[in-house]
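These are the residues of each chain, in order.
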Amino acid sequence: MSTPDGIHSVRIAYENWFYPERFSELMSLLEKYSGCFRQVALFTSATHAPLTLKETKIRAEIMRERMERLREKGFVAGINILATIGHHEEDLEYSLQEPYTHMTGWDGKVCKGSYCMNDNRFLEEYVRPVYEILAGARPDFIWIDDDVRLGHWPVGNGCFCEKCVQKFNAKNHTFFTRETLTTALNEENVRLRRAWLDHNTESICGLFRIISQTVRKINPDIQLGFMTGERYMEGYAFAQFADALSEHGKYPIMWRPGGGCYTDYIFDEFFYKAETIGRQTAYLPPYVTPIQSEIENFPYQTIKKTPVSTTFEAAWYMTCGCTGAAFNIFPSESGEPIATAEPHLRTIAKTMKFSALLAEKIAGKQPAGICTGWCIHSQLALPAGSFINGDAVIYANFAHELFDFGLPQCYRSENAVVTILTGQDTLAWTEQEILSVLSKGVYADVSALNFLNAHGFGRLTGFAATAPVPTDAREVYTDHPLNRGISGGIRNCRQAFHPGDSFGIISTAPGTIPLSRTEDYHGNVLADCCTGLYENDNGGRVCIGGYYPFSWVSDYPKTTQLKQIMRYLSRDTLPSY
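Residues numbered from 1 in each chain as written. Predicted model: local features only at pLDDT ≥ 70, side-chain atom pairs only at ≥ 80, totals over all residues. Heavy atoms only, no water.

## Notes on the overall build of the protein chain
Point 1. Summing up its helical and strand segments, the protein chain has 17 helices and 22 strands in all.
Point 2. Relative to the 2.2 N^0.38 estimate, which gives 25 Å for 577 residues, the radius of gyration of the protein chain is 26 Å and therefore close to what a compact globule would have.
Point 3. Counting only C-alpha atoms and orienting by the principal axes, one finds that the protein chain spans roughly 75 × 60 × 40 Å.
Point 4. Taking all 577 residues of the protein chain together, 58% fall into the buried category.
Point 5. For the protein chain, contacts bridging at least 24 residues in sequence account for 77% of all contacts bridging at least 6.
Point 6. Summed over all atoms, the accessible surface of the protein chain reaches about 22,900 Å², with 54% contributed by carbon and sulfur.
Point 7. Taking the 53 positively charged and 65 negatively charged side chains of the protein chain as two groups, their mean positions are separated by 4 Å. (Helix = DSSP H or I, 4+ residues; strand = E, 2+ residues; numbered from the N terminus. Rg over C-alpha atoms; globule rule 2.2 N^0.38 Å. Buried < 20%, exposed > 50% of the residue type's maximum accessible area, 1.4 Å probe, protein only. Contact = heavy atoms within 4.5 Å. Areas by Shrake-Rupley, 256 points an atom, 1.4 Å probe, with all protein chains shown as cover. Lys, Arg positive; Asp, Glu negative; His and termini not counted. Charge placed at Lys NZ, Arg CZ, Asp CG, Glu CD.)

## Some details on the packing of helix α5 (residues 162–172) against helix α7 (residues 190–218)
Point 1. The interhelical angle for the contact between α5 and α7, taken along N-to-C directions, is 120°, at an axis separation of 11 Å. Considering their axes alone, α5 and α7 lie oblique with respect to each other. The interaxial crossing formed by α5 with α7 has right-handed handedness. Between α5, through C164, K167, F168 and N172, and α7, the contact on the second element is made entirely by L192, A195, W196 and H199. (Axes fitted to C-alpha atoms, helices over the stretch in contact; angles between N-to-C directions. Parallel < 35°, antiparallel > 145°, perpendicular 65-115°, else oblique. Left-handed = near helix turned anticlockwise from the far one by under 90°.)

## Overview of the sheet that holds strand β12 (residues 324–328)
Point 1. The strand order β10-β9-β6-β3-β2-β1-β12-β11 describes an open sheet built from eight strands, whose pairing is parallel. Edge positions in the sheet fall to β10 (253–257) and β11 (292–296), since each has one partner strand and no second. Sheet twist, expressed as the average angle between the axes of neighbouring strands with direction ignored, equals 25°.
Point 2. Pairing of strand β2 (residues 37–43) with strand β3 (residues 76–81) involves five bridges; the strand directions are parallel. Across the sheet, residue V40 finds its bridge partner in β3, namely A77.
Point 3. Against the sheet, helix α9 (residues 268–282) makes contact with β9 (223–228), β10 and β11, and its axis sits at roughly 150° relative to β10, the strand it touches most. (Pairing = 2+ DSSP bridges.)

## Comments concerning the pairing of strand β14 (residues 416–421)
Point 1. With respect to burial, β14 is a largely interior element, five of its six residues being buried.
Point 2. Relative to β14, strand β13 (residues 369–372) runs parallel, the two sharing four bridges. The partner of I370 across the bridge, within β14, is V418.
Point 3. In the sheet, β14 pairs with strand β15 (residues 441–445) via three bridges, with the strands oriented parallel. Counterpart to L421 in the pairing with β15 is A444.
Point 4. One crossover worth recording links β14 to the parallel β15 by way of helix α14 (residues 431–437), and it is right-handed. (Right-handed = clockwise from strand over helix to strand, strands pointing away.)

## What to know about the environment of D146
Point 1. Here D146 shows up in the loop between β6 (141–144) and β7 (151–152).
Point 2. With relative accessibility at 11%, the residue D146 sits in the buried group.
Point 3. Separated by 59 residues in sequence, D146 and H87 place their C-alpha atoms 7.9 Å apart.
Point 4. In this structure D146 touches H87, M227 and R231, once residues within four positions along its chain are discounted.

## Comments concerning the packing of helix α2 (residues 20–32) against helix α3 (residues 53–72)
Point 1. Here α2 crosses α3 at 25°, and the two axes come no closer than 11 Å. By the angle between their axes, α2 is roughly parallel relative to α3. Note on packing geometry: the crossing formed by α2 with α3 is right-handed. Across from P20, F23, S24, M27 and L30 in α2, the residues of α3 making contact are R66, R69 and L70.
Point 2. Taken together, the residues of the contact of α2 with α3 break down into five nonpolar, one polar and two charged. (Nonpolar A, V, L, I, M, F, W, Y, C, P; charged D, E, K, R; others polar.)

## Quick look at the sheet that holds β14
Point 1. Strand order in the open sheet formed by eight strands is β13-β14-β15-β22-β21-β20-β17-β18, and the pairing between neighbours is mixed. Two strands bound the open sheet, and with one partner strand each, they are β13 and β18 (490–491).

## Structural notes on α3
Point 1. A rise of 1.5 Å per residue sets the reference length of α3, with its 20 residues, at 28 Å; its end C-alpha atoms lie 29 Å apart and thus fit the reference within 8%.
Point 2. When α3 is considered as a whole, its buried residues turn out to be T56, R59, A60, M63, R66, M67 and L70. Across the axial projection of α3, the buried residues extend over an arc of 140°, all falling on one side. Residues K54, K57 and E72 are exposed on α3 and point more than 90 degrees away from its buried face.
Point 3. Buried positions along α3 lie against α1 (14–18), α2, β2, β3 and α4 (120–136).
Point 4. Count one or two residues on from α3 and you reach G74, which has phi positive near 95°. (Expected span 1.5 Å × (residues − 1). Arc of directions from axis to C-beta.)

## Some words on the pattern of salt bridges
Point 1. A full pass over the atoms with the stated rule returns 26 salt bridges.
Point 2. Three or more residues are tied together by salt bridges with common partners; here these are R11, D145, R256 and E294. (Salt bridge = Lys/Arg side-chain N within 4 Å of Asp/Glu carboxyl O.)

## Examining the pairing of β2
Put simply, side chains in a regular strand alternate between the two faces of the sheet.
Point 1. Across the seven residues of β2, six count as buried, placing the element largely inside the fold.
Point 2. Between β2 and its parallel partner β3, the chain crosses via α3, and the hand of that crossover is right-handed.

## Thoughts on the packing of aromatic side chains
Point 1. Per the counting criterion, the structure on display carries 35 aromatic pairs.
Point 2. An angle of 45° between the planes, with centres 4.8 Å apart, marks the rings of Y232 and Y236 as tilted. Considered together, Y232 and Y236 belong to a single accessibility category, that of buried residues.
Point 3. Each residue in the set F208, F226, Y232, Y236, F238, F241, W255, Y283 and W374 is aromatic and connected to the rest through ring pairs, giving one cluster.
Point 4. One Lys or Arg, R256, reaches over the ring of W143 and ends 4.4 Å from the middle of that ring.
Point 5. Sitting over the face of the ring of Y568, R541 holds its NZ or CZ atom 4.1 Å from the ring centroid. (Phe/Tyr/Trp six-rings, centres within 6.5 Å; stacked < 30°, edge-to-face > 60°. Lys NZ or Arg CZ within 6 Å of the ring centre and 35° of its normal.)

## Observations concerning helix α6 (residues 178–186)
Point 1. Along α6, the residues that are buried comprise L181, T182, A184, L185 and N186.
Point 2. Elements in contact with the buried residues of α6: α5 and α7.

## A word on the side chain of E401
Point 1. With respect to the helices, strands and loops of the structure, E401 is situated in helix α13 (residues 400–404).
Point 2. The buried charged residue E401 lacks any salt bridge partner; its closest oppositely charged side chain belongs to R491, at an N-O distance of 7.0 Å.
Point 3. A distance of 2.7 Å separates a polar atom in the side chain of E401 from a polar atom in the side chain of S554.
Point 4. Filtering out sequence-adjacent residues up to four positions away, E401 remains in contact with F550, S551, W552, V553 and S554. (Polar contact = N/O pair within 3.5 Å; in protein donor to acceptor, adjacent residues only side chain to side chain.)

## Points about the state of the cysteines
Point 1. The tally for this structure, following the rule as stated, stands at zero disulfides.
Point 2. Here C111 is not disulfide-linked; the sulfur of C159 is the nearest cysteine sulfur, at 10 Å.
Point 3. Taking the relative accessible area as the measure of exposure, C111 reaches 0% and is therefore buried.
Point 4. A disulfide-free cysteine, C371 has its sulfur positioned 4.7 Å from the sulfur of C410, the nearest such atom.
Point 5. Relative accessible area serves as the criterion here: at 2%, C371 is assigned to the buried category. (Disulfide = S-S within 2.5 Å.)

Worth remembering: the numbers are spatial, not functional.
Structure follows, in structure tokens:
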């Protein structure tokens, strides 16, 4: 079990350690709440483009002294490098301005604040020296920030510079230009798309191998860590990234899953971030620990997130695969008293016993239950024309409301007792994976039904869809045991306000069971079945939802029905609701 002071860490903005008086104030506050954090990370910068080597050396010397003082007080002290390749175009005049290749978009635009990971000059002349400088400052650890990705303003998903296109062509024996490659990727060519994702994965792995070799040549005891987010264009290849950074598990590493949620004004954002963190941690190798969620209210406006919600957020993410949290909650500008963070620290301190209990009981465990149709290669399934600018999270968050009302979500298909499908998300799967899912429990909408039927799996779905049902359709629950207590009840999703997502479904196999139909406001039947069950010859149980299956489902009758449906589909192996 982790000790309470080893569960969470804290990240310190550049302004809070650079100035001596400010750092003394920080030290006093950290000592007062030393039971909350053991690990203290110093940000290299306040701006998001790479620093010059000269400036890095100056700051590294100061950080060396600051880290020694932290260790004297019992802390584990290290560095968070904010910009390895660079995030965005910020403070460019005082940032790195060498003639390296910039991150380049599919349309030829460049991000002047970030650089290409396949530019060997950049890797050898900048990345390697930067990490030599930082490792030479004797940190206990180095966190790599989430600038190591393929999405930088004003550039979109990827690097399509000449070097990247040439490297891709050489590996795959192709002859693309940036323009022809973009066109080809936007077609539904799964094989080509996968090759491009593999190329992007290798770009990051190559960078990590250089970082790992550089740091460990100086001191093999320095622990490396990486911050991630929803990164489909990179192949969601966190396992490969971990292998590259740890040299296949030889060295211990750390992970920090993140994503948005900078205020507590819209509580739903906590749900979304919890889902993204669950997915980020689901496929990490077991040797990756600790896993600390990022907690912050960027750009550090203290009152935008209360002490209670800040602390609660960290505990929530521990139920999704994290072992603790990395708090970035101190004010970052020297004009604001650093003590404004004290109410947050006080609340974190009060809950450390609970955090320790969470770490003891659930750290390292994977949630089980219901999984959406997302997979780490979901980017492959995006419709024609949307691959380059698309976001495969559409295959992950579409059923968000089902989990809001209490169905148990999991993030790894092996742990799923029911899988929920929409659209063409299964385009990213192998035929065997589709057959496996359809041999268990499946809840799908009409778009997924149409896609499966069109690709030869109709014998396992049991239904076909009719044309969309006209405006003013309402769902009426049939007299069936799964509708016990709600039979004859009506659900109205108000198509006049929320057009679409209303279909009838018809049986294509014997043994299908209607659970609901649609009627208009006067009792006229519009479709004899809009929600139906089918048990196929492979032993799979399938439910097709034709009437708003994923939205406006939080009334009592529909939640009651869906809970019973999920129990049925899972053959009573649903772990909870």
